[in-house]
Amino acid sequence: SPALKDNGMSSFFGPDLSTALQLLGTKYNSLMKRYQEGSSRLQALEAECVTLSNKCLNECQPRYENLKEKYTLECAERKCLYNELIELKGNIRVFCRCRPLNPEEASKGYSSVLELDPSQDMELQIVCTDSSRKKFRFDHVFGPLDNQEAVFAETLPVVRSALDGYNVCIFAYGQTGTGKTYTMEGTSEDRGVNYRALGELFQSSMERCSTMKYEFSISMLEVYNEKIRDLLAENSDQHAKKLEIKQTADGTQDVPGLVEAPVNSVDEVWSMLKTGGRNRSVGSTNANELSSRSHCLVRVIIKSENMLNGHQCRSNMWLVDLAGSERVGKIEVEGERLKESQFINKSLSALGDVISALASRNPHIPYRNSKLTHLLQSSLGGDCKTLMFVQISPSTADLGETLCSLNFASRVRGIEHGPVKKQ
Ligand code: ADP
Ligand code: MG
């Protein structure tokens, strides 16, 4: 080109510029040809890939669908089998736990009324004042030497079924000072059922992460004098706000406005429940006293999705530290305290009525007799799992209350009704 010549570039291309340009042109053309050939090879490859993948899909789709169907059937059968296994023993379990005699009781000269046979973990005997023995049978009996770990080992199956999509209720029942809070909450060195259960949920959800996706959230509430209070609400205005139970479209019960906090680790749960616990003792001079006069409920919502078949599931696990079951003397009780006691009696006997109606397969279950049973309605009965810890004191000083608790628990278990028959 004349322009190249004009700015002296000709020397760069050597003496014969037109030859150089020709060579360049040839090289360009051959490169272009190779490129175009490459493109068509690529296109051919792509077409081959598409054909192949269509072919694979066509060939494999029926097998895939077949496997998925088998998998779904397998899941359903596993659930049925599990249910049948549980049905053999019923969906209701009652465990008895007796705390150790404490140094104060020992120093006052009280002794233990509890007699355990080490070869028998379902029975206990109580030595009465006249030295006669009363025998009680439960699904398991934990003595003063059984630690939190041993207790949780027996609780584990119930917790696992929550992960499988069943609604679960775990209660601690008993006189104040018998270890209800110790069993459920525990201490920071010796954590109880609540934390161990959550720990199990987190761990199992991780183990199943290749097929299942889980989400957990926590609510915490108190039922005091038949009023529901949100213990995880941010400020005191919200604490004071009275919450109501509403029936949802799918027939289950819900408490609109209740905080549902997502949780991902046991430590998060521990600090959340500590905060909730501090919100309990409003209006009381003695925190421990108030906590024994109200029911404290922790609800864990478990949402799961099976990534293979898309099944979604939501279940509740309720962890309930009940109000103290002790009867209060008529003379010492008046005013506010009398009202409290009446509410507690009413709700505990309503709970007893519901569970014993379930255990004896009574078609009418009286859920509506208290806020407690109404709240728990969709998690009590049907294929829901119920576990009640009946906490007792070993001390001779508490003998009367201990017998009351054991009688209540026996009634709840339906033992009076004889062996439970399937309808
Ligand atoms: P509740 O909640 O029924 O009123 P707590 O859980 O507060 O009773 O227990 C009363 C006391 O007894 C607490 O100091 C608790 O640590 C202790 N305690 C209860 N159960 C046990 C146990 N199994 N082993 C050791 N200490 C216990
Ligand atoms: Mg307590």
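As a reminder, the structure under discussion sits directly above these lines.
Figured I'd write up the structure that's included with this text. Counting restarts for each chain: residues are numbered from 1 in the order of the written sequence. Labels are handed out in written order, letters beginning with A for the chains and numbers beginning with 1 for the ligands. Since the coordinates come from a predicted model, pLDDT governs what is reported: local features require at least 70, and pairs of side-chain atoms require 80 or more to be given and counted, while whole-chain, interface and lining totals use all residues. The side-chain quantities take in all heavy atoms of the structure and omit both hydrogens and water.

## Regarding the environment of S210
Move 1: By the criteria applied, helices consist of DSSP H or I runs no shorter than four residues and strands consist of E runs no shorter than two, each listed in order from the N terminus. Secondary-structure assignment places S210 in the loop between α6 (193-207) and β7 (212-224).
Move 2: C-alpha of S210 to C-alpha of L273: the two residues are 63 residues apart in sequence and 30 Å apart in space.

## Some words on the nonpolar core
Move 1: In this text, buried Ala, Val, Leu, Ile, Met, Phe, Trp, Tyr and Cys residues form a nonpolar core when linked through side-chain atoms within 4.5 Å. Exposed residues in this analysis have more than 50% of their type's maximum accessible area, buried residues have under 20%, and partly exposed residues fall in between, with area computed by a 1.4 Å probe over protein chains only. Counting residues in each nonpolar core, the largest one holds 50 residues, and the members touching the most others are L124, I126, F171, L375 and M388.
Move 2: For this core, the element with the highest residue contribution is helix α10 (residues 335-359), accounting for eight residues.
Move 3: Listed in part, the 40 residues of the second largest apolar core include F95, C296, L319 and L387.

## So, the packing of helix α4 (residues 148-163) against α6
Move 1: Between N-to-C directions, angles span 0 to 180 degrees; the directions come from axes that are lines fitted to C-alpha atoms, helices contributing only their stretch in contact. Two elements in contact, α4 and α6, have axes whose closest approach is 9 Å; the angle formed by their N-to-C orientations is 50°. On the basis of the axis angle, α4 is oblique to α6. Note on packing geometry: the crossing formed by α4 with α6 is right-handed. Residue-level inspection shows Q148, E149, V151, F152, T155, L156, V159, R160 and L163 of α4 in contact with α6, the latter providing V193, R196, A197, E200, L201, S204 and S205.
Move 2: Gly counts as polar in this scheme, as do all residues outside two lists: the nonpolar Ala, Val, Leu, Ile, Met, Phe, Trp, Tyr, Cys and Pro, and the charged Asp, Glu, Lys and Arg. Of the residues in the contact of α4 with α6, the class split is eight nonpolar, four polar and four charged. Convention used here: angles under 35 degrees read as roughly parallel, angles over 145 as roughly antiparallel, angles from 65 to 115 as roughly perpendicular, and any remaining angle as oblique. Crossing handedness: left-handed means the near helix sits turned counterclockwise from the far one by under a right angle, and right-handed means the same turn made clockwise. Whether two residues touch is decided by their heavy atoms; if any such pair falls within 4.5 Å, the residues are in contact.

## Concerning unusual backbone geometry
Move 1: In the Ramachandran plot, N225 falls in the positive-phi region, its phi being about 50° despite a non-glycine side chain.
Move 2: Owing to a relative accessible area of 8%, N225 belongs among the buried residues under this scheme.
Move 3: One non-glycine residue, E226, lies in positive phi territory at about 65°.
Move 4: Mapping E226 onto the fold places it in the loop between β7 and β8 (227-230).

Shape is all these values report; function is a separate question.
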